[in-house]
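Each chain is listed here by its residues.
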Amino acid sequence: GLMEDAPRADLASDAKPTNWKALMERLNMGDEAAALAHITKNASAEVAKDTVACLRWLGTFSEDTPVTLRGTVMDCFCALLEERLAYAPGERDMILMQHIFDVETADGKNERH
């Protein structure tokens, strides 16, 4: 799958250029139905459906999406994520944190703060 970290000759930096559709076919996930079947082996149908939608958005089922050859499937996928998820000029990120504390008071009461 996409998390394979074994070096592959077909993904070496000097290998013949390829696209994501061709690579997904070599991973037995060449179309959305095959990817859905592969993913549902390890996830619920709902999670698999959402995952396939994300893979579609990333361009993994497209002949128009070139693979950045980095030696392993995982590294190639990371390159795709780096490209597709990069911030556009002027975009910013925000993190919101909420801390909840469960406290047991001296008199034995439990409180949530």
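The paragraphs below set out a description of the structure included in this document. Keep in mind that this is a model prediction, so the values were computed, not measured. (Residues numbered from 1 in each chain as written. Predicted model: local features only at pLDDT ≥ 70, side-chain atom pairs only at ≥ 80, totals over all residues. Heavy atoms only, no water.)

**Here's the deal with the overall build of the chain**
(1) Moving on: Helix and strand counts for the chain stand at four helices and two strands.
(2) Moving on: The globule rule puts the C-alpha radius of gyration for 113 residues at 13 Å, and the 21 Å found for the chain is more than 25% above it.
(3) Moving on: Across its three principal directions, the C-alpha atoms of the chain cover 70 × 40 × 25 Å.
(4) Moving on: Each of the 113 residues in the chain was classed as buried or not, and the buried ones make up 27%.
(5) Moving on: In the chain, the proportion of contacts linking residues at least 24 apart, taken out of those at least 6 apart, comes to 55%.
(6) Moving on: For the chain, the accessible surface area stands at approximately 8,200 Å², while carbon and sulfur atoms represent 54% of it.
(7) Moving on: The distance from the centre of the 12 positive side-chain charges to the centre of the 20 negative ones in the chain is 4 Å. (Helix = DSSP H or I, 4+ residues; strand = E, 2+ residues; numbered from the N terminus. Rg over C-alpha atoms; globule rule 2.2 N^0.38 Å. Buried < 20%, exposed > 50% of the residue type's maximum accessible area, 1.4 Å probe, protein only. Contact = heavy atoms within 4.5 Å. Areas by Shrake-Rupley, 256 points an atom, 1.4 Å probe, with all protein chains shown as cover. Lys, Arg positive; Asp, Glu negative; His and termini not counted. Charge placed at Lys NZ, Arg CZ, Asp CG, Glu CD.)

**Focus on the environment of serine 44**
(1) Moving on: In this fold, serine 44 is placed in the loop between helix H2 (32-39) and helix H3 (45-58).
(2) Moving on: Along the sequence, serine 44 and cysteine 54 sit 10 residues apart, while their C-alpha atoms lie 15 Å from each other.

**Focus: the side chain of threonine 65**
(1) Moving on: In this structure, threonine 65 sits in the loop between H3 and helix H4 (73-84).
(2) Moving on: Judged by its relative accessible area of 5%, threonine 65 is buried.
(3) Moving on: Excluding residues within four positions of it along the chain, threonine 65 makes contact with Asn19, Trp20, Leu58, Gly59, Leu80 and Arg84.

**A closer look at H4**
(1) Moving on: Taking 1.5 Å as the rise per residue, H4 with 12 residues should run 16 Å; its terminal C-alpha atoms sit 16 Å apart, in good agreement.
(2) Moving on: Turning to H4, the residues buried within the fold contact helix H1 (20-26) and H3. (Expected span 1.5 Å × (residues − 1).)

**What about the nonpolar core?**
(1) Moving on: Counting 21 residues, the largest nonpolar core has Leu2, Trp20, Met24 and Leu55 as the members making the most contacts within it.
(2) Moving on: Going through the elements one at a time, H1, H2, H3 and H4 are the ones with two or more residues in this core.
(3) Moving on: Aside from chain neighbours lying at most four places away, what touches tryptophan 20 is Leu2, Gly59, Thr60, Ser62, Thr65, Pro66, Val67, Cys76, Phe77 and Leu80. (Core = buried A, V, L, I, M, F, W, Y, C linked by side-chain atoms within 4.5 Å.)

**So, the packing of H3 against H4**
(1) Moving on: Look at H3 against H4: their axes get within 11 Å of each other, and the N-to-C directions meet at 70°. The orientation of H3 relative to H4 falls into the category roughly perpendicular. Across the interface between the two elements, Leu55, Trp57 and Leu58 from H3 touch Phe77, Leu80, Leu81 and Arg84 from H4.
(2) Moving on: Counted by class, the contact of H3 with H4 contains six nonpolar, no polar and one charged residues. (Axes fitted to C-alpha atoms, helices over the stretch in contact; angles between N-to-C directions. Parallel < 35°, antiparallel > 145°, perpendicular 65-115°, else oblique. Nonpolar A, V, L, I, M, F, W, Y, C, P; charged D, E, K, R; others polar.)

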